[in-house]
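Notes for the structure review
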Amino acid sequence: ILEEYAAIGKLAEKKATVLVVGAGFIGVEWITELEHFFKGLQLTIIDALPNCLGPLPAKAANYCSRYMKRHGIKEFYNLKYNAKDPEIFKGIGM
């Protein structure tokens, strides 16, 4: 754990860009934890669904989306990730 913490800390010092694929429970938790503990990171989250936290009520999804926006986390929805397609990265500004 300490090795991962140090590695992410080095990325934050470099103002690195991090993409989290999947805006379900784990993706949203992960990206907000990254934002909280590593302030230098440039964070983006994407999901194929129309909003974060798909199975939860709209009120919960809207709350999380507002939180991420307030904390500078870029969000992209209705977007299926394909690592072999360079256009996806252009479309999300990476």
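Summarised in this report is the structure supplied together with it. Only a predicted model underlies this, so the values are computations on that prediction, with no experimental measurement involved.

1. What to know about the packing of aromatic side chains
Applying the stated criterion across every chain, the model contains 2 aromatic pairs. Pairing Tyr5 with Phe38 gives two aromatic rings, centres 5.0 Å apart and planes at 50°, and the pair type is tilted. One end of the pair, Tyr5, is in helix α1 (residues 2–13); the other, Phe38, is in the loop between α2 (25–37) and β2 (42–46), with 33 residues separating them in the sequence. Relative accessible area serves as the criterion here: at 9%, Phe38 is assigned to the buried category. Ring centres of Tyr81 and Phe89 lie 6.2 Å apart, and the angle between their planes is 85°; this geometry places the pair in the edge-to-face category. For Tyr81, a relative accessible area of 32% gives the class partly exposed. For Phe89, a relative accessible area of 25% puts it in the partly exposed group.

2. A look at unusual backbone geometry
At Lys15, a residue that is not glycine, the phi angle is positive and equals roughly 60°. In this fold, Lys15 is placed in the loop between α1 and β1 (17–21). A residue is classified by how much of its surface remains accessible, and Lys15, at 53% relative accessible area, is exposed. Of note, the phi angle at Leu53 is positive, near 50°, even though the residue is not glycine. Here Leu53 shows up in the loop between β2 and α3 (58–70).

3. Brief notes about the environment of Met94
Inspection of the secondary structure assignment puts Met94 in the segment after α4 (86–91). Residue classification places Met94 among the partly exposed positions, given a relative accessible area of 35%. Here the alpha-carbon distance between Met94 and Thr44, two residues 50 residues apart in the chain, equals 9.0 Å. Not counting chain neighbours up to four residues away, the residues in contact with Met94 comprise Thr17, Val18, Leu19, Thr44 and Phe89.

4. Brief notes about the packing of α2 against α3
One can describe the packing of α2 onto α3 by two numbers: an axis separation of 11 Å at closest approach and a directional angle of 30°. Between α2 and α3, the crossing angle belongs to the class labelled roughly parallel. Seen along the crossing, α2 lies across α3 with a hand that is left-handed. Every residue of α3 that contacts α2 at Val28, Ile31, Thr32 and Glu35 is listed here: Cys64, Tyr67 and Met68. Taken together, the residues of the contact of α2 with α3 sort by class into 5 nonpolar, 1 polar and 1 charged.

Cut-offs used in this document
- Residues numbered from 1 in each chain as written.
- Predicted model: local features only at pLDDT ≥ 70, side-chain atom pairs only at ≥ 80, totals over all residues.
- Heavy atoms only, no water.
- Phe/Tyr/Trp six-rings, centres within 6.5 Å; stacked < 30°, edge-to-face > 60°.
- Helix = DSSP H or I, 4+ residues; strand = E, 2+ residues; numbered from the N terminus.
- Buried < 20%, exposed > 50% of the residue type's maximum accessible area, 1.4 Å probe, protein only.
- Contact = heavy atoms within 4.5 Å.
- Axes fitted to C-alpha atoms, helices over the stretch in contact; angles between N-to-C directions.
- Parallel < 35°, antiparallel > 145°, perpendicular 65-115°, else oblique.
- Left-handed = near helix turned anticlockwise from the far one by under 90°.
- Nonpolar A, V, L, I, M, F, W, Y, C, P; charged D, E, K, R; others polar.

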